[in-house]
Amino acid sequence: MPPPLQGAIAKRRAEFIAGRLCARRALWLLDGRNATPGMNEDRSPCWPVDCVGAITHNDGWAAALVAPRQAYLGLGLDAERLLDAAQALRLARRVLTPEEVARLERLPESEAGLMVTATFSLKESLFKALYPVVGQMFHFQAAELVSWHGVGAARLRLLNNLGSGWTAGREVVGEACLHEGRLLSLVSLPARVHDSFGT
């Protein structure tokens, strides 16, 4: 247990351990290595230098994803419990751009929870994938979900310049699916620029 978490509540420590166990297994499945990612000063996972990855945990459930750095610049993985309509409308004020709010207002109320949960989760995955690349914090309004049809493939467009070639207007691909009452999202940034939208 890293020092910053030694005084954390039991639930937080258990989530950390579960996520690291998943990451350890994922690294072993990748190439047989026996390694567990540590924690950087900003509390992000510290992956082996030749790997990228992501860890997520949610309400007693954890997962991890890894890949060779030569294939991917970054990976983002997130799991969220589905929001109900009332929760979605409260969260929408914080995470949706004006265009996303307009899309939400055109949907039946029964679809609001899925739309806001997916938008929130995909932006979380985008942050996890892109933060190690650009080295700066950014928030929900820095990107917009521009293509999404329920679960399945999605596209996100940057609205801010984040540095390292990640300029406003650049687009990345994401995916969302439902699994055991959770929405899972993934954003992957291929190392070859022609594999991404908007490059």
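Residues numbered from 1 in each chain as written. Predicted model: local features only at pLDDT ≥ 70, side-chain atom pairs only at ≥ 80, totals over all residues. Heavy atoms only, no water.

Here we come to helix 1 (residues 10–31). With 22 residues, helix 1 extends 32 Å between its outermost C-alpha atoms, agreeing within 8% with the 32 Å of an ideal straight helix rising 1.5 Å per residue. All of the buried residues along helix 1 are Glu15, Phe16, Gly19, Arg20, Ala23, Ala26 and Leu27. Buried positions in helix 1, seen along its axis, are confined to an arc of 125° and lie on one side of it. In helix 1, those exposed residues whose orientation departs by more than 90 degrees from the buried face are Ala10, Lys11, Leu21 and Leu29. Trailing helix 1 by a residue or two, Gly32 shows a phi angle of about 80°, which is positive. (Helix = DSSP H or I, 4+ residues; strand = E, 2+ residues; numbered from the N terminus. Expected span 1.5 Å × (residues − 1). Buried < 20%, exposed > 50% of the residue type's maximum accessible area, 1.4 Å probe, protein only. Arc of directions from axis to C-beta.)

Structurally, Ser125 can be placed in helix 4 (residues 112–134). Residues contacting Ser125, with those up to four places away along its chain left out, are Gly76, Leu77, Asp78, Ser185, Leu186 and Val187. (Contact = heavy atoms within 4.5 Å.)

Applying the stated rule across the entire model yields eight salt bridges. Residues Glu15 and Lys11 are paired through a salt bridge, measuring 2.5 Å at the closest nitrogen-oxygen approach. Of this pair, Glu15 and Lys11 both sit in helix 1, separated by four residues, roughly a single helical turn. Given the relative accessible area of 15%, Glu15 is considered buried. Asp31 serves as the salt-bridge partner of Arg33, at 2.6 Å between the closest nitrogen and oxygen. Bridged by salt links that share partners, the residues Asp31, Arg33 and Asp50 form one connected network. (Salt bridge = Lys/Arg side-chain N within 4 Å of Asp/Glu carboxyl O.)

A contiguous nonpolar patch, built from Met1, Ile17 and Leu21 and spanning about 290 Å² of accessible area, is present on the exposed surface. With respect to the helices, strands and loops of the structure, Ile17 is situated in helix 1. (Patch = residues over 30% accessible without salt bridge, like charges linked within 9 Å, V, L, I, M, F, W, Y side chains within 5 Å. Areas by Shrake-Rupley, 256 points an atom, 1.4 Å probe, with all protein chains shown as cover.)

Within strand 3 (residues 51–57), six of the seven residues are buried, leaving the element largely enclosed by the surrounding structure. Connecting strand 3 to the next strand, strand 4 (residues 62–68), in antiparallel fashion are four residues, including Asp59 with a positive phi near 50°. (Pairing = 2+ DSSP bridges.)

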